[in-house]
Amino acid sequence: MSDGMTPLGQASAAVLAFDVGGTDMKAGIVDASGAIRGLRRVATPVGGSRTAVAVLDTLGGIAAELSQEFPDVPLQAAGLTVPGLVDSAAGIGIYSANLPWRDFPFTAEAERRLGLPVAFGHDVASAGSAELLFGAARGFSDVVVMILGTGIAGAVFSGGQPVAAGGYAGELGHALVPDPSGKGTAILESVGSAGAIAQRYAGMTGAAVDGAKGVLELTRSGDVTAQQVWADAIDALAFSIAQCVNIIGTEAVVLGGGLSEAGDELLAPLRRRVDELLTFHRRPRIMPAQLGQNAGLIGAALNARTLLGRPLRPNADVPA
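Residues numbered from 1 in each chain as written. Predicted model: local features only at pLDDT ≥ 70, side-chain atom pairs only at ≥ 80, totals over all residues. Heavy atoms only, no water.

1. Let's talk about helix H3 (residues 123-133)
(1) Moving on: In terms of burial, H3 is largely enclosed, as 9 of its 11 residues are buried.
(2) Moving on: Turning to H3, its buried residues are Asp123, Val124, Ser126, Ala127, Gly128, Ser129, Ala130, Glu131 and Leu132. (Buried < 20%, exposed > 50% of the residue type's maximum accessible area, 1.4 Å probe, protein only. Helix = DSSP H or I, 4+ residues; strand = E, 2+ residues; numbered from the N terminus.)

Structure representation (structure tokens):
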């Protein structure tokens, strides 16, 4: 469903949604069916120690614009998601490396600016909730969502409920995996992320490459180093997925982010390698995310609607 297609009869259940990322942030009004109205996408302001304040000031301005654009749509709550370590219950952004803040009271400051109750959450965890309700993971209960980009972030669900641990759960990018060099262990995102694939190839060959996409193209042409770097990434990802299956019984793994756009060139060898690593365990479904770049925005709206006791309704036309 695209912007402008929401029946006005559903607007009375609308909420504001904000999804803040390291590069840009998205905002819009989301109705009860998950349709987005007035979608905005702007650069994330980065201003050192005042970054969090600058972000909220920008979102406050967008909220005022949306209220003017849709004067007949009563807004009852707002949802805000950010990256990094997040304590959603306390409403605090504990730490973000790319957007430098520590222990910032996002809920209190956002409510002061917006004049609405605000549900605060982690960007990937919230996007994962959207995939669980509306997207690829619909129908599953024990799910891991992995966002494979410059780094790796994750969201974990057990029995259909998010595992939060005060904001510390889901740091899959920092899970230990065997180091491809044979020298002990490394963190997953230093081997299996899109950023790591490009960096490792450049480090091993001295040749510049156009990201993970460029490495994948080189594998097709028979470049042995590129093939090894790609295989190492598959092995690392498979190792972490197998660990999730062993420890928490994961039944479905949803892959998002830029690396997931490799499609079957990623999924097929990853499924094979996970199968090789498991013994008596059930094999998880490994599949691409479905909601695309709007997953975080839908997730923020889901969070907002929990404040109202009115969940979004699954809708086949939720925007991708």
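Next comes the rest of the description.
2. What to know about the nonpolar core
(1) Moving on: If you look at the biggest cluster of nonpolar residues, it comprises 38 residues, and the most contacted ones within it are Met146, Leu255, Leu266 and Leu270.
(2) Moving on: Of all elements in the fold, only strand E9 (143-148), strand E10 (152-158), helix H5 (194-205), helix H6 (211-220), helix H7 (224-248), strand E14 (252-256) and helix H8 (264-277) reach the threshold of two or more residues within this core.
(3) Moving on: Setting aside residues no more than four positions away along its own chain, Leu255 makes contact with Met146, Leu148, Ser260, Leu266, Leu267, Leu270, Ile286, Met287, Pro288 and Ala289.
(4) Moving on: Within the second largest apolar cluster, 30 residues are counted, among which are Ile29, Val53, Ala78 and Val86. (Core = buried A, V, L, I, M, F, W, Y, C linked by side-chain atoms within 4.5 Å. Contact = heavy atoms within 4.5 Å.)

3. Side note on unusual backbone geometry
(1) Moving on: One non-glycine residue, Asp103, lies in the positive phi region at around 50°.
(2) Moving on: Asp103 sits in the exposed class, given a relative accessible area of 55%.

4. Some points on the environment of Thr185
(1) Moving on: Within the fold, Thr185 resides in strand E13 (residues 185-187).
(2) Moving on: With 27 residues separating them along the chain, Thr185 and Ser158 place their C-alpha atoms 27 Å apart.
(3) Moving on: Apart from residues lying up to four places away in sequence, Thr185 is in contact with Leu176, Val177, Pro178 and Asp179.

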